[in-house]
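Per-entry structural report
The primary structure of each chain is shown beneath.
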Amino acid sequence: MTSSPPSAAAPARHAHLSTGPLLALVFNAGVWGVSWWPLRRLHEAGLHPLWATASFFMLGAALMLWWRPQVARVLLGSPALWVLAAASGVTNAAFNWAVSTGAVVRVVLLFYLMPLWAVLLARAMLGERITPSGLLRVLLGLVGAALVLWPTGAAAQSAWSQLGSLPDALGVLGGIGFAFTNVWLRREAEQLPQARAAAMFMGGWMLPCVLGGALALQGALPWPPAPAPGWMLGALGMGLVFVAGNLALQYGASHLPVNTASVVMLTEVLFAAASAVWWGGEVLHSRLLLGGALIMGSAALAAWQSWAGS
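Let me begin by describing the structure that accompanies this report. Fair warning: this is a prediction, and the values are worked out from it, not measured in the lab.

**A look at the packing of helix H1 (residues 19–33) against helix H12 (residues 229–254)**
Where H1 meets H12, the closest approach of the two axes is 8 Å, and the angle between their N-to-C directions is 145°. H1 and H12 meet at a crossing whose hand is left-handed. Contact residues: Gly20, Pro21, Ala24, Leu25, Phe27, Asn28, Val31 and Trp32 in H1; Val241, Phe242, Ala244, Gly245, Asn246, Ala248, Leu249, Tyr251, Gly252 and Ala253 in H12. Of the residues assigned to the contact of H1 with H12, the class counts are 13 nonpolar, five polar and no charged.

**Brief notes about the side chain of Glu282**
For Glu282, the position within the fold is in the loop between helix H14 (267–280) and helix H15 (286–309). The buried charged residue Glu282 lacks any salt bridge partner; its closest oppositely charged side chain belongs to Arg40, at an N-O distance of 4.6 Å. Separated by 2.6 Å, the side chain of Glu282 and the backbone nitrogen of Val104 make a polar contact. In contact with Glu282, not counting residues within four places along its chain, are Gly102, Ala103, Val104, Val105, Ala276 and Val277.

**Observations regarding the pattern of salt bridges**
According to the stated counting rule, one finds four salt bridges in the structure shown. For Arg187, the salt bridge is made with Glu188, and the minimal N-O distance between the two is 2.5 Å. With a relative accessible area of 43%, Arg187 lands in the partly exposed category. For Glu188, a relative accessible area of 14% puts it in the buried group.

**Considering helix H6 (residues 104–111)**
With respect to burial, H6 is a largely interior element, eight of its eight residues being buried. All buried positions along H6 are accounted for by Val104, Val105, Arg106, Val107, Val108, Leu109, Leu110 and Phe111.

**Side note on H14**
The end-to-end C-alpha separation of H14 is 18 Å, in line with the 20 Å expected for 14 residues at 1.5 Å each. For H14, the set of buried residues is Glu268, Val269, Ala272, Ala273, Ser275 and Ala276. Just beyond H14, the residue with positive phi is Gly281, at close to 70°.

**Overview of the packing of helix H5 (residues 79–101) against helix H10 (residues 166–187)**
At a minimum axis distance of 8 Å, the contact between H5 and H10 shows a crossing angle of 150°. Regarding the angle of H5 to H10, the classification is roughly antiparallel. Note that H5 runs across H10; the crossing there is left-handed. Residue-level contacts link Ala80, Val83, Leu84, Ala87, Ser88, Val90, Thr91, Ala94, Trp97, Ala98 and Thr101 of H5 to Leu166, Pro167, Leu170, Gly171, Leu173, Gly174, Gly177, Phe178, Phe180, Thr181, Trp184 and Leu185 of H10. Of the residues belonging to the contact of H5 with H10, the class tally is 16 nonpolar, seven polar and no charged.

**Digging into the environment of Arg41**
Tracing the sequence through the fold places Arg41 in helix H2 (residues 36–44). The exposure class of Arg41 is partly exposed, given its relative accessible area of 29%. Linking Arg41 and Ser100, residues 59 residues apart in sequence, is a C-alpha distance of 8.9 Å.

**Side note on the nonpolar core**
Among the nonpolar cores identified, the biggest contains 69 residues, and Phe56, Val108, Leu109 and Tyr112 are the most heavily contacted of them. With ten residues, H5 is the largest single contributor of residues to this core. Setting aside residues no more than four positions away along its own chain, Val108 makes contact with Phe95, Val99, Val269 and Ala272. Counting residues in each nonpolar core, the second largest holds six residues, with Leu256, Ala261, Val264 and Met265 among its members.

**Quick look at the packing of aromatic side chains**
Any pair of aromatic rings gets described here by the distance separating the centres and the angle formed by the planes. Applying the stated criterion to the full structure yields twelve aromatic pairs. Each ring, one from Phe111 and one from Tyr112, has its centre 5.5 Å from the other, and the planes form 80°; the classification is edge-to-face. For the pair Phe111 and Tyr112, a shared accessibility class is recorded, and that class is buried. Plain terms: the ring middles of Phe180 and Trp184 are 5.6 Å apart, the flat faces sit at 10° to each other, and that makes the pair stacked. Of the two residues, Phe180 and Trp184 both sit in helix H10, four residues apart, roughly one turn of that helix. Residue classification places Trp184 among the buried positions, given a relative accessible area of 12%. Within the aromatic cluster, the residues linked to one another by ring pairs are Trp32, Phe56, Phe95, Phe111, Tyr112, Phe178 and Phe242.

About the cut-offs
Residues numbered from 1 in each chain as written. Predicted model: local features only at pLDDT ≥ 70, side-chain atom pairs only at ≥ 80, totals over all residues. Heavy atoms only, no water. Axes fitted to C-alpha atoms, helices over the stretch in contact; angles between N-to-C directions. Helix = DSSP H or I, 4+ residues; strand = E, 2+ residues; numbered from the N terminus. Left-handed = near helix turned anticlockwise from the far one by under 90°. Contact = heavy atoms within 4.5 Å. Nonpolar A, V, L, I, M, F, W, Y, C, P; charged D, E, K, R; others polar. Buried < 20%, exposed > 50% of the residue type's maximum accessible area, 1.4 Å probe, protein only. Lys, Arg positive; Asp, Glu negative; His and termini not counted. Salt bridge = Lys/Arg side-chain N within 4 Å of Asp/Glu carboxyl O. Polar contact = N/O pair within 3.5 Å; in protein donor to acceptor, adjacent residues only side chain to side chain. Expected span 1.5 Å × (residues − 1). Parallel < 35°, antiparallel > 145°, perpendicular 65-115°, else oblique. Core = buried A, V, L, I, M, F, W, Y, C linked by side-chain atoms within 4.5 Å. Phe/Tyr/Trp six-rings, centres within 6.5 Å; stacked < 30°, edge-to-face > 60°.

In short, shape yes, function no, at least from these values alone.
Encoded structure:
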C-alpha cells in the first residue's frame with residue numbers, strides 16, 4: 001500500500017472535481033479493499049503473503065527503475081529514502097499478511113486507526129501541536145478500536161483469546177507504518193517524487209524478502225513453492241493490478257484536493273466489508289459497525305481538518 005503525494009501537488013480546495021481522478025482513487029481503494037481474496041487464493045496455493053507481497057512490489061520496483069533509471073542514484077545517496085522504504089515495507093507486509101489470515105473487516109478497521117498514530121507521530125517527528133480536533137481523533141480511534149476488538153455474542157468467552165492475535169497486531173502495525181509513511185513523506189516533501197515512489201516499491205519488495213527469509217530459516221513459514229503456472233500467473237496478475245492501483249492513486253491524489261482524496265480513499269473499507277460478507281461469509285455485528293463508524297469518523301475528521309486548514 002503506497003501513499004498519496006504531499007498536499008503541495010494538489011489543487012485548491014475549490015477546484016473542479018473531475019470524474020477521472022475520482023474514479024482513479026475509487027479504483028485504487030477497490031484494489032486494496034478486495035485484495036484479501038486473491039491473497040488468500042495464493043496462500044492456499046502455497047505462496048505465503050510475505051512472498052506474494054515481495055513479488056508484487058518487485059515488479060513495481062523493476063518497472064519504476066526501467067522507466068526512471070536515474071532514481072537509482074538518488075536512492076543510493078539518500079538515507080531518508082531508505083527510511084521511507086522500510087516504512088512502506090512494514091505497511092504492506094503487515095497489511096497483506098493480516099488480511100490473508102484474519103477477519104477482513106476487523107483487520108481493515110484496525111489498519112484505519114492510522115489517523116490516531118499520525119497525530120502522535122506528527123507531534124514527535126515534526127513538532128506539530130496536538131490540537132483539540134487532534135485529541136478528538138485520538139479519542140474516536142481508541143473508542144472505535146475498543147468496540148471492534150471487544151468480544152460479542154455467545155462466543156464472547158472464547159473470543160477473548162483472540163484479542164492480540166497475530167492478524168490484529170499486524171493490522172495495527174500496518175496502520176502505524178502507513179501513518180509513519182505519510183508523516184515521513186511530508187518531512188521529505190522536497191525529494192524527487194519518482195524517487196519517493198521507487199523507494200516505496202523497493203521497501204515493499206525487500207523488507208518482506210528479508211523477513212520471510214528470516215522466518216523461513218527458523219521454520220516459521222514455508223519457502224516459496226516450486227515454480228508452477230498457477231501461482232506464478234496469479235502473482236504476476238496481482239502485481240500488475242497493484243502497480244495499476246498505485247499509478248491510479250498517484251494520478252488521482254495529484255489532481256484532487258487532499259481532503260477529497262482522503263475521504264474517497266476511505267471507500268476501501270466499503271469494498272472490504274462488502275467483499276468479506278459476500279465472498280467470505282463474514283458477519284458484521286452491531287458493535288463492529290459502531291466501532292467502525294467511530295474509526296471512520298476519526299479518519300473523516302482528519303480530512304475535514306485538512307480542508308479547514310487549506
